[in-house]
Amino acid sequence: MAEECSHECGSCGVSSCDDRADAGPTTFPTNARTNIKHVIGVVSGKGGVGKSLITSLLASEMQKRGFKVGILDADVTGPSIPKTFGITNPLTADADGIMPAYTDSGIKVMSVNLMLPKDDIPVAWRGPVVSGIIKQFWGETSWGDIDYLFVDMPPGTSDVFLTVFQSLPVDGIVTVSAPQELVAMIVGKAVNLAHDLNVPVVGLVENMAYFKCDSCDKVHHIFGEPQGATVAERYGIPAYATLPIDPDFARLCDTGKVEEYDVAGALDPIIAQMEKSIAEKAAE
């Protein structure tokens, strides 16, 4: 007997469903005061590699270059974006929608932690609720004009991954790894799923690739030899970058001053490829 339709097309494998055929575009709409030009997802196959920090750095770099930037914190159960930017004010709303918070440089941020009375209150929500809040952040927020919206994804390839990449007009993803073969293997899971969903992978950032001694300038590979170039070649990722273990970076995140960090051009290859991929897509 055929399974009863749940009308959740994003998690359904029945391609011949009449409801699916008549559904039309699946991209979730924005509100009337929103004009988002480009959406970039930042993903990792596992937690603990610094995905949210890379999201913060990419957003800060694009803001410094004169673009209008926003961050949608889709890591609902482990949101850290407000902390890295030092945002403590709760969200507000008017009749037209939710108003995003602002960082010191003007980056717009939407995160569930800005809705909680205390930032250490756990968010123990099931998948459908988490997916629903992400759609609400996208569709009911008055983002205004945004050139680049970075979506800080939760780790792994869960239903949130499907929600974002099937409901938002994602232009490409940047994947984050650390110099370990285990992490490199898990990167492949996220990359392959993105390919299955026809979402371009524009770059790989290998975080915590090395530590440079401030006394002798010797480079130490704490977690093993960097593998960014090898992993990028293995999965056909067109650009990669490496970032060090830097105590200054950790200090600035802890004090909410991540925008003050100078990446010294380390993310230039990722940003260049991101802009190239978007230009190529527009020319199609």
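Residues numbered from 1 in each chain as written. Predicted model: local features only at pLDDT ≥ 70, side-chain atom pairs only at ≥ 80, totals over all residues. Heavy atoms only, no water.

Participant: So what exactly am I meant to see when it comes to the sheet that holds strand β5 (residues 101–102) here?
Facilitator: The pairing of strands in a sheet happens through backbone hydrogen bonds and is either parallel or antiparallel. As summarised here, the arrangement of the eight strands in space is β5-β6-β2-β7-β1-β8-β9-β12, forming an open sheet in which the pairing is mixed. Since the sheet does not close on itself, it has two edges, and those belong to β5 and β12 (240–242), each with one partner. The pairing of strand β8 (residues 172–177) with strand β9 (residues 201–206) spans five bridges and is classified as parallel. Each bridged residue has a counterpart across the sheet, and for Thr175 the counterpart in β9 is Leu204. Its contacts with the sheet put helix α4 (residues 127–139) on β1 (34–43), β2 (69–73), β6 (108–110) and β7 (144–152), and the angle it makes with β2 is roughly 160 degrees. (Pairing = 2+ DSSP bridges. Helix = DSSP H or I, 4+ residues; strand = E, 2+ residues; numbered from the N terminus. Contact = heavy atoms within 4.5 Å. Axes fitted to C-alpha atoms, helices over the stretch in contact; angles between N-to-C directions.)

Participant: Would you explain the pattern of salt bridges in this entry?
Facilitator: Oppositely charged side chains are able to pair whenever their charged atoms sit close together. Enumeration over the complete set of coordinates arrives at ten salt bridges. Across the pair Asp75 and Lys51 runs a salt bridge whose closest N-O atoms are separated by 3.7 Å. Of the two residues, Asp75 is situated in the loop between β2 and α3 (81–85) and Lys51 in helix α2 (residues 51–64); the sequence distance between them amounts to 24 residues. Each member of the pair, Asp75 as well as Lys51, carries the same accessibility label: buried. Taking the shortest distance from any N to any O, the salt bridge between Lys51 and Asp152 comes out at 3.0 Å. A residue pair is termed long-range when its members are at least 10 positions apart, and Lys51 in helix α2 and Asp152 in strand β7 qualify at 101 residues. For the pair formed by Lys51 and Asp152, the shared burial category is buried. Among the charged side chains, a network of salt bridges with common partners joins Arg33, Asp94 and Asp96. (Salt bridge = Lys/Arg side-chain N within 4 Å of Asp/Glu carboxyl O. Buried < 20%, exposed > 50% of the residue type's maximum accessible area, 1.4 Å probe, protein only.)

Participant: Is there a simple way to think about the packing of α2 against helix α9 (residues 268–283) in this case?
Facilitator: When two helices pack together, their arrangement is given by the angle between their axes and by how far apart the axes lie. At a minimum axis separation of 11 Å, α2 and α9 run at an interaxial angle of 70 degrees. As summarised for this structure, α2 and α9 are arranged roughly perpendicular, according to the angle between their axes. Of the residues in α9, those touching α2 at Leu58, Glu61 and Met62 are Ile270, Ile271, Met274 and Glu275. (Parallel < 35°, antiparallel > 145°, perpendicular 65-115°, else oblique.)

Participant: Would you mind showing me how to read unusual backbone geometry here?
Facilitator: Located in the positive-phi region is Asp217, a residue other than glycine, with phi close to 65 degrees. Of note, Asp217 is situated in the loop between β10 (211–212) and β11 (219–220). With a phi close to 55 degrees, Ala264 is a non-glycine residue in the positive phi region. On the secondary structure map, Ala264 appears in the loop between α8 (247–254) and α9.

Participant: How should I be thinking about the side chain of Thr141 in this particular structure?
Facilitator: Here Thr141 is to be found in the loop between α4 and β7. Classification of Thr141 as buried rests on a relative accessible area of 0%. The residues touching Thr141, leaving out its near neighbours within four places in the chain, are Asn31, Thr34, Ile98, Pro100, Met110 and Gln136.

It is worth stressing that arrangement in space is one thing and function is another; only the former is reported here.
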